[in-house]
Amino acid sequence: MKAILHLIEHDFRNFFRYKWWLAGLISMNLADLLIMAVVYNQMLSPEIAEQIKSYFSFFAPGVTVVGLFASAFMIGREINMEVRRQIHHYMLSLPITRLELALGRLLAGGLRGMMYMTPLLLTTFLIIGFPSLPQLFIILGALFLLATGISGVSIATAVSITSFEKFITARGLIYYVLFFCSSIFYPLSLIQTLGQEGIMPQPLVVLAELNPLSNGADLIRAFLLGNPAFTFDMIRNLVVFSAIFVTAATIAYMKIIERK
Amino acid sequence: MAIIQTIDLTKRFKDLVAVDKLSLSIDEGEIFGLLGPNGAGKTTTVLMLSTVIKPTKGTAIVGDYDIRKNPDDVRKLIGICFQEPKLMWVSTPWDVLNWHAKVCGLSTRERKRRVKQVLEHVNMWDHRRKRIHGLSGGMKKRVEVAKILIQRPKIAFIDEPTSQIDVVGKHKIWNMIRELRDEGSTIILATNELFEADVLSDRVGIMHKGKMLVCDTPKTLKDSILGGDIVEVQLEKEVTKNVLDELKGFKEVVEVVVVKSDDLRIHLNKVEKVVPQIMNLFLNERLPISSIRMSEPSLDDVFVHYTGLTIEEAEQKSKSR
Ligand SMILES: Nc1ncnc2c1ncn2[C@@H]1O[C@H](COP(=O)(O)OP(=O)(O)OP(=O)(O)O)[C@@H](O)[C@H]1O
Ligand SMILES: [Mg+2]
C-alpha cells in the first residue's frame, strides 16, 4: 500500500517537472474552447441550436474530457520511454510487488489526469453553473473511472508496443478515433440521426455511443444542462471501460514487461 | 553457507543462449567477483537473480527464496547498481536517491542522513540539484552506485561500478564496497576489470559464453596456472614463428602469451635454469631483447588462460578436477 503511494509521488514529481508545458496545454484547451465556441456558434443549424442552446456551454464539458484524456494518457508516454531505455529494469528491481507497481502507475496516471482537468472542470462550472453536491460526487467518480481507464489504455499500449514510432502512431490512432467518434464536438443525438439516415456507418454510431469520452462529457452535460438526459448506461459504460483497461494494463505490466 | 544457489539457470534471447545452464553458489558475506569478457552473460545473470527478467529455464535460490516462485520476497533482500545508470533524465540526484531510500523503507531521519553522507562520499553533493541529463557519464554512474550504498541491501548486485569513473573515484568506491561487505552485505560484483575483481573479491568466477569456466579465490586461481613463474620479454623487433615454436619446445615452458608481436609473457617452471637458455635463443635468432622481467601470475593470466580455451576443453578440465 505504501509502495503505491511512493509510486504516485514518483509520477507526480515527474508530472510537475513539465509544469510550464502543462500550463501551456491548459491555456490551449481554454483557448480552443473560446475560439471554437464563438465560431461554431455561428455555424449551428437552427434545430441543433435549439437543442444545445450555446455551443460554448455544450463544448465546455467536451474540452474538460479532452484535457482529462490527454493528461491521463501521458503516463503511457513515460512508461514507453522507460521501457525503451530499459529504465523499467530499475522499477522491476524495487521491493514492490508487480501488482503494486501496476496499480501505482495506473492510479498515478489517472490522478494526474484528474488534477490537470480540475481547472477545466471549474471553468465549465463557472460558465454553465455548479452541480449539487451529490451530482458533483457522481461527476468526479465517473471522471475518475474514465481517467484510470485511459491511464490503463495508455499503459497497455506503451508496454505492448515498445518502438517509439509505433507507439506514437498507435496513440494518434486512439486519439483520433476516440475524439472524433464521440459527443465531444457534436451531440450524440446528431450522430444517431445521421446513422438512421444512412449517412454515418452504423459501427461508428455504436462506437460513439459506447465511447467513454462521450459518456464522460454527456454525464457532465446531463447534470449541468439537462441535455442529454442522465442514464445509468453512462455510468455502466464507464465502469466497464475502466474495468477492462485497468485489467489489461495490470496484465501487461505484470506479464509482458518482464519479457522486454 | 550459500546465500545464492543457481540451478541450471538459463536465459535465451531468440537464438542466442546468453546464460547457459549456469550453476553457481555464492556464500553469505563474501564479495563474489563475476568476471567475463563482453557478452559473457554477467549482466543477464544479475538481472535474473534480481527477478528483473525471467529465466528461460532453471532457477535460483536467493536468500531462502526461489526467484521464480517468490520473487516478491527476493526483492526485499536485494539491491542493484546497474551497469547503465537507470535514471529519469528530468530528475535530479537528490530526488533520485531520496525516493530510492524511501521506497527501500529507510526512516525519514536515516534517509536524510545517509543520502547526504553518501552523496558527499561520491563527490556529488554539490551537484545534487542538477538535472540528470546535464551530468557527465561518470557522474551518472556515481549516482547509480550511491543508490546501493544508501540502501545497504542484504544482497547487493553491483554491475561494473567503476566503468567511466576516474582513478580517485574508483578507489573511493572500492573502499565503500568493502565497507558494505563488512557491514554484513553479500556482494556480487560483475566486472570485466580484472584488477578490480582481484583487489575486491573473496572469490571470483570467470564466465564465458554463458557458462562458468572456473570459480575460486583469486589466489588459488593464480596458483592453478601451471608454471608458477612468468617472464615478460620485451623485444626490439617482432617475434618470429620459429622462435615461438622453439620456446614452446622447452619442457619447462607451459605457455607463451603473445601480448603484442614484440611483447611476450612466458609461463614457466624453474625460472633460474631456463632464463639463460631463453636469452641464448633470442641472441642466436638475432632478436635483441630490450627488457626482461620476472613476475607472478595475475588474474589477467588466469583470464587469458581459461577464456582462451574452447568451452569443451574448459568443461573437460573442470570435470577431471
Ligand atoms: N534484451 C536482450 N535481447 C537480446 N539479446 C540480449 C539482451 N540482453 C543481452 N543480450 C545478449 O546476451 C548476451 C549476454 O549479454 P550480457 O549483457 O549479459 O553480457 P555481459 O557479460 O554483461 O557483457 P558486458 O561486459 O559487455 O557488460 C550478449 O550476447 C547480448 O547481446
Ligand atoms: Mg554487463
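Residues numbered from 1 in each chain as written. Chains lettered and ligands numbered in written order. Predicted model: local features only at pLDDT ≥ 70, side-chain atom pairs only at ≥ 80, totals over all residues. Heavy atoms only, no water.

### What to know about the coordination of the magnesium ion (ligand 2)
Residue and element names in this part refer to chain B.
- Each protein donor to the magnesium ion (ligand 2) is listed here as Thr43 (OG1) and Gln83 (OE1); together their distances run 1.9 to 2.1 Å. On the criterion of sequence distance, the pair formed by threonine 43 in helix α1 (residues 42-49) and glutamine 83 in the loop between β7 (78-81) and α3 (93-103) is long-range, its members being 40 residues apart.
- Owing to a relative accessible area of 26%, threonine 43 belongs among the partly exposed residues under this scheme. (Donors = N, O, S within 2.8 Å, 3.2 Å for Na, K, Ca; no water. Helix = DSSP H or I, 4+ residues; strand = E, 2+ residues; numbered from the N terminus. Buried < 20%, exposed > 50% of the residue type's maximum accessible area, 1.4 Å probe, protein only.)

### Considerations on the site of ligand 1
Residue and element names in this part refer to chain B.
- The environment of ligand 1 is formed by 14 residues, the closest being Gly39, Lys42, Thr43, Thr44 and Gln83.
- Between alanine 40 and ligand 1, the recorded distance is 3.2 Å, taken from a backbone N or O atom to an oxygen atom.
- The contact in question runs from an oxygen atom of ligand 1 to an N or O atom on the backbone of glycine 41, over 2.9 Å.
- Summarising the interface, the protein chains cover 65% of the accessible area of ligand 1, which totals 640 Å² for the free molecule.
- Here the shell around ligand 1 is composed, by residue class, of five nonpolar, seven polar and two charged. (Near = heavy atom within 4 Å. Polar contact = N/O pair within 3.5 Å; in protein donor to acceptor, adjacent residues only side chain to side chain. Areas by Shrake-Rupley, 256 points an atom, 1.4 Å probe, with all protein chains shown as cover. Nonpolar A, V, L, I, M, F, W, Y, C, P; charged D, E, K, R; others polar.)

### Some points on the interface of chain B and chain A
- Chain B puts 24 residues into the contact, and the matching count from chain A is 25 residues.
- Of the roughly 2500 Å² buried between chain B and chain A on both sides combined, carbon and sulfur atoms contribute 59%.
- Interface area lost by chain B to chain A is led by Arg75, Met88 and Trp99 of chain B, which between them contribute 30%.
- On inspection of chain B and its partner chain A, the count reaches three salt bridges.
- Summed over the shared surface of chain B and chain A, the result is nine residue pairs in polar contact (both at pLDDT 80 or more). (Contact = heavy atoms within 4.5 Å. Buried area = accessible area lost by both parts, 1.4 Å probe. Salt bridge = Lys/Arg side-chain N within 4 Å of Asp/Glu carboxyl O.)

### Let's talk about the pairing of strand β11 (residues 211-216) of chain B
- Across five bridges, strand β10 (residues 203-208) of chain B lies against β11 of chain B in antiparallel orientation. Paired with histidine 208 of chain B across the bridge in β11 of chain B is lysine 211 of chain B. (Pairing = 2+ DSSP bridges.)

### As for the sheet that holds strand β15 (residues 289-295) of chain B
All names here are of chain B.
- The sheet built from four strands is open, its strands ordered β13-β14-β12-β15 with antiparallel pairing. Looking at which strands have only one partner, the edges of the open sheet turn out to be β13 (253-260) and β15. On average, adjacent strands in this sheet sit at an angle of 20° to one another, irrespective of strand direction.
- As paired elements, β13 and strand β14 (residues 263-268) share six bridges and run antiparallel to each other. Residue pairing for β14: valine 256 is matched across the bridge by isoleucine 266.
- The strands that helix α10 (residues 271-284) touches are β12 (229-235), β14 and β15; relative to β15, the one it contacts most, it runs at about 165°. (Axes fitted to C-alpha atoms, helices over the stretch in contact; angles between N-to-C directions.)

### What to know about the packing of aromatic side chains
Residues and elements named next belong to chain A.
- The tally for this structure, following the rule as stated, stands at 21 aromatic pairs over all chains.
- Ring plane angle 70° and centroid distance 5.4 Å describe the contact between phenylalanine 69 and phenylalanine 179, whose orientation is recorded as edge-to-face. Highlighted residues: phenylalanine 69 in helix α4 (residues 55-84) and phenylalanine 179 in helix α8 (residues 164-180), separated in sequence by 110 residues. Neither phenylalanine 69 nor phenylalanine 179 differs from the other in exposure class; each is buried.
- Residues phenylalanine 73 and tyrosine 175 carry aromatic rings whose centres are separated by 5.6 Å and whose planes lie at 80° to one another, so their mutual orientation is edge-to-face. (Phe/Tyr/Trp six-rings, centres within 6.5 Å; stacked < 30°, edge-to-face > 60°.)

### Some words on the environment of threonine 247 of chain A
Residue and element names in this part refer to chain A.
- Mapped onto the elements of the fold, threonine 247 is located in helix α12 (residues 232-256).
- The exposure class assigned to threonine 247 is partly exposed, which follows from its relative accessible area of 43%.
- Between the C-alpha atom of threonine 247 and that of methionine 200, which follows or precedes it by 47 residues, the distance is 32 Å.

### Section: helix α9 (residues 188-196) of chain A
Residues and elements named next belong to chain A.
- Along α9, the residues classified as buried are Leu188, Ile191 and Gly195. Projection of α9 onto a plane perpendicular to its axis shows the buried side chains occupying an angular sector of 60°, all on one side.
- Of the surrounding elements, those touching the buried residues of α9 are α10 (202-210) and α11 (212-224). (Arc of directions from axis to C-beta.)

### So, empty space enclosed by the protein
- This structure, assessed with the given rule, holds two cavities of 30 Å³ or more.
- Volume-wise, the largest cavity comes out at about 170 Å³.
- Contributing to the lining of the largest cavity are 14 residues, with His10 of chain A together with Met88, Ser91, Val96 and Trp99 of chain B lying nearest its centre.
- For the lining of the largest cavity, the secondary structure elements donating two or more residues are α1 (2-17) and α5 (88-93) of chain A together with α3 of chain B.
- Looking at the lining of the largest cavity element by element, the count peaks at four residues for α1 of chain A.
- When its residues are assigned to classes, the lining of the largest cavity shows seven nonpolar, three polar and four charged.
- Considered as a void within the structure, the second largest cavity measures approximately 40 Å³ in volume.
- Lining the second largest cavity are Tyr90, Ser93, Leu94 and Pro95 of chain A together with Ile78, Gly79, Ile80, Phe82, His100 and Gln151 of chain B.
- For the lining of the second largest cavity, the secondary structure elements donating two or more residues are α5 of chain A together with β7 of chain B.
- The leading source of residues in the lining of the second largest cavity is β7 of chain B, at three residues.
- Counted by class, the lining of the second largest cavity contains six nonpolar, four polar and no charged residues. (1 Å grid on protein atoms, 1.4 Å probe; cavity = no way out; pocket = protein on both sides within 12 Å on 5 of 7 lines; lining within 4 Å. Points joined across faces, edges and corners; volume = space filled by probe spheres on them.)

### Some thoughts on the domain arrangement of chain B
- According to the domain assignment, chain B consists of domain 1 (2-217) and domain 2 (226-295).
- Its C-alpha centre places domain 1 of chain B at a distance of 41 Å from the equivalent point of domain 2 of chain B. (Domains from an automatic or database assignment.)

### Observations regarding the nonpolar core
- Grouped together as the largest cluster of nonpolar side chains are 99 residues, with contacts concentrated most on Leu143, Leu146 and Leu213 of chain A together with Ile4, Ile155 and Phe157 of chain B.
- At 15 residues, the largest contribution of residues to this core is made by α4 of chain A.
- If sequence neighbours within four positions are ignored, isoleucine 155 of chain B has contacts with Ile3, Ile4, Val62, Gly63, Leu77, Ile78, Gly79, Thr186 and Ile188 of chain B. (Core = buried A, V, L, I, M, F, W, Y, C linked by side-chain atoms within 4.5 Å.)

### Some remarks on unusual backbone geometry
- Note the cis peptide between asparagine 227 of chain A and proline 228 of chain A, where omega equals -5°.
- Note on placement: proline 228 of chain A falls in the loop between α11 and α12.
- Positive phi, close to 50°, is recorded for lysine 14 of chain B, a residue that is not glycine.
- Following the sequence through the fold, lysine 14 of chain B ends up in the loop between β1 (2-13) and β2 (16-22).
- Here the phi dihedral of arginine 152 of chain B falls at roughly 45°; this positive angle occurs in a residue that is not glycine.
- Here arginine 152 of chain B shows up in the loop between α5 (137-151) and β8 (155-159).

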